[in-house]
Amino acid sequence: MIKLNNQIKLKKKKIRVGRGIGSGKGKTSGRGVKGQKSRSGVSIKSFEGGQMPLYRRLPKRGFNAIKEKNIAILNLNKIQGFLDKKTISTKEILNSDLLKKLRLISKNSIKLKVLGSGNIKEKINIEADLASKSAIEKLEKIGGSINLKK
């Protein structure tokens with residue numbers, strides 16, 4: 001029977017330190033004599049002997065915006081889904097305050113954007129901050145309206 005390389009499992013023998021002189025790793029267990037590195041529980045990974053470490057010598061890069069714009073995105077097929085489930089009605093104006101109250105969008109969202117993915121069958125009035133051209137066209141085609149805030 002021929003065994004392929006990836007099927008052969010060889011187990012490397014673990015070095016047992018501190019098991020007597022004959023093992024070659026006895027007494028100090030290959031750690032040398034005294035000093036910080038010979039003790040247990042010590043890590044000096046980024047310490048460079050008092051020299052200014054590399055991670056502090058290099059300049060900081062990147063930028064984290066303090067005020068991140070949270071825009072809630074709503075597709076037309078999602079709105080149609082809410083209408084089918086009777087979560088929202090066609091009589092009321094669909095705006096970000098109503099959607100936040102019904103917990104359909106995040107309460108942290110600042111603006112509402114309507115996108116034209118999918119189809120909408122019922123006419124509805126929407127008040128949003130942003131909207132795509134296709135969403136506006138589809139809404140106006142069925143007799144609905146979209147009011148964009150400035």
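What you see is a predicted model, and the numbers here were worked out from it, not measured in a lab. (Residues numbered from 1 in each chain as written. Predicted model: local features only at pLDDT ≥ 70, side-chain atom pairs only at ≥ 80, totals over all residues. Heavy atoms only, no water.)

Considering helix H2 (residues 76-84)
Of all the residues in H2, the buried ones are Leu76, Ile79, Gln80, Phe82 and Leu83. In an axial view of H2, the angular spread of the buried residues amounts to 160°, which keeps them on one side of the axis. Contact partners of the buried residues in H2: strand S1 (71-75), strand S2 (111-115), strand S3 (125-128) and helix H4 (133-141). Count one or two residues on from H2 and you reach Lys86, which has phi positive near 65°. (Buried < 20%, exposed > 50% of the residue type's maximum accessible area, 1.4 Å probe, protein only. Helix = DSSP H or I, 4+ residues; strand = E, 2+ residues; numbered from the N terminus. Arc of directions from axis to C-beta. Contact = heavy atoms within 4.5 Å.)

Comments concerning the side chain of Ser38
With respect to the helices and strands, Ser38 occurs in the segment before helix H1 (54-57). We classify Ser38 as buried; its relative accessible area is 17%.

Re the pairing of S3
Side chains Ile126 and Ala128 of S3 all project onto a buried face; the interleaved residues Asn125 and Glu127 project onto a face where none is buried. The sheet contact formed by S3 and strand S5 (residues 145-148) spans four bridges and is parallel. By the bridge assignment, Ile126 is partnered in S5 with Ile146. (Pairing = 2+ DSSP bridges.)

Things to note about the pattern of salt bridges
For the structure shown, the criterion picks out one salt bridge. Residue Arg57 pairs with Glu48 through a salt bridge whose shortest N-O separation is 3.0 Å. (Salt bridge = Lys/Arg side-chain N within 4 Å of Asp/Glu carboxyl O.)

Remarks on the sheet that holds strand S4 (residues 130-131)
Strand order in this open sheet of three strands is S1-S2-S4, and the pairing throughout is parallel. With one partner strand each, in any of the chains shown, S1 and S4 form the two edges of the open sheet. Of the pairings in the sheet, the one linking S1 to S2 comprises five bridges and is parallel in character. By the bridge assignment, Ala72 is partnered in S2 with Leu112.

A closer look at a nonpolar patch on the surface
Residues Ile71, Ile73 and Leu130 make up a contiguous nonpolar surface patch of about 240 Å² in total accessible area. Along the chain, Ile71 turns up in strand S1. (Patch = residues over 30% accessible without salt bridge, like charges linked within 9 Å, V, L, I, M, F, W, Y side chains within 5 Å. Areas by Shrake-Rupley, 256 points an atom, 1.4 Å probe, with all protein chains shown as cover.)

Structural notes on the nonpolar core
The biggest cluster of nonpolar side chains holds 20 residues, and the ones touching the most others in it are Leu74, Ile79, Ile88, Leu94, Val114, Ile124 and Ile126. Broken down by secondary-structure element, the contributors of at least two residues to this core are S1, H2, helix H3 (96-101), S2, S3 and H4. (Core = buried A, V, L, I, M, F, W, Y, C linked by side-chain atoms within 4.5 Å.)

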